[in-house]
Amino acid sequence: MDDFRRARWYVVRPAASRKPATYTCPLCRRQLPALSQHMLVLPDGDGARRRHAHTACVMKARQAGRLPLREEVEPRRRGWLARLLRRG
Ligand SMILES: [Zn+2]
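The rules behind each value
- Residues numbered from 1 in each chain as written.
- Predicted model: local features only at pLDDT ≥ 70, side-chain atom pairs only at ≥ 80, totals over all residues.
- Pairing = 2+ DSSP bridges.
- Helix = DSSP H or I, 4+ residues; strand = E, 2+ residues; numbered from the N terminus.
- Axes fitted to C-alpha atoms, helices over the stretch in contact; angles between N-to-C directions.
- Contact = placed C-beta atoms within 7 Å.
- Buried ≥ 20, exposed ≤ 12 C-beta atoms within 10 Å, placed from the backbone.
- Core = buried A, V, L, I, M, F, W, Y, C linked by C-beta atoms within 7 Å.
- Arc of directions from axis to C-beta.

When you look at the sheet that holds strand β4 (residues 38-43) in this model, what are you seeing that I'm missing?
Pairing is antiparallel across the open sheet formed by three strands, whose spatial order is β1-β4-β5. Every other strand in the sheet has two partners, leaving β1 (10-14) and β5 (51-54) as the edge strands with one partner each. Each strand axis lies, on average, 35° off the axis of its neighbour in the sheet, ignoring direction. Bridge analysis of β4 against β5 gives four bridges, and the strand direction is antiparallel. Residue Leu40 lies in a different strand from β5, and its bridge partner there is His52. Relative to the sheet, helix α1 (residues 55-63) contacts β1, β4 and β5, its axis offset from that of β5 by approximately 85°.

Sorry, what's going on with the environment of Cys25 here?
Mapped onto the elements, Cys25 comes out in the loop between β2 (22-24) and β3 (31-33). Cys25 gets classed as partly exposed once you count the C-beta atoms within 10 Å, which come to 19. Considering only alpha carbons, one finds Cys25 and His52, 27 residues apart in sequence, at a separation of 5.9 Å. Dropping the residues within four chain positions of it, Cys25 is found in contact with Arg30, Leu32, His52, Ala53, His54 and Cys57.

Would you take a moment to explain the nonpolar core for this structure?
Soluble globular proteins: nonpolar side chains tend toward being buried together. By size, the foremost hydrophobic cluster in this structure holds nine residues: Tyr10, Leu27, Met39, Val41, Ala53, Cys57, Val58, Ala61 and Leu67. Elements supplying a minimum of two residues to this core: β4 and α1. Looking at which element gives the most residues to this core, the answer is α1, with three residues. Other than its neighbours up to four places away in sequence, Ala61 contacts Leu27, Arg66 and Leu67.

What's the story with α1 in this structure? I'm lost.
Because each turn of an α-helix spans 3.6 residues, side chains separated by three or four positions end up pointing in the same direction. Looking only at α1, the buried set comprises Cys57, Val58 and Ala61. Viewed along the axis of α1, the buried residues span an arc of 100°, placing them on a single side of the element. At its buried positions, α1 is contacted by β1, β4 and β5. Positive phi appears at Gly65, one or two residues downstream of α1, with a value of about 75°.

Interpretation note: all reported values are geometric properties and have no functional meaning in isolation.
Given below as structure tokens:
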């Protein structure tokens with residue numbers, strides 16, 4: 001049902017919504033007016049699973065290590081040139 005927490009990493013970005021909707025923050029479960037300043041959180045970078053979250057909740061979760069970003073989980077792979085040069 002709620003697979004928000006089932007992700008290896010997240011993409012976090014500021015939300016820019018003009019819709020007068022109300023969302024439920026996945027981090028505190030409280031309501032979030034879309035027109036207030038908040039964040040978009042994409043589990044595994046998947047836009048279809050994106051959730052609107054309070055900025056303060058995102059900051060708190062980040063500090064608690066609960067919203068790892070992709071670059072923290074998957075450090076950039078070596079480039080093809082480095083791999084080529086390592087061979088042989
Ligand atoms: Zn919240």
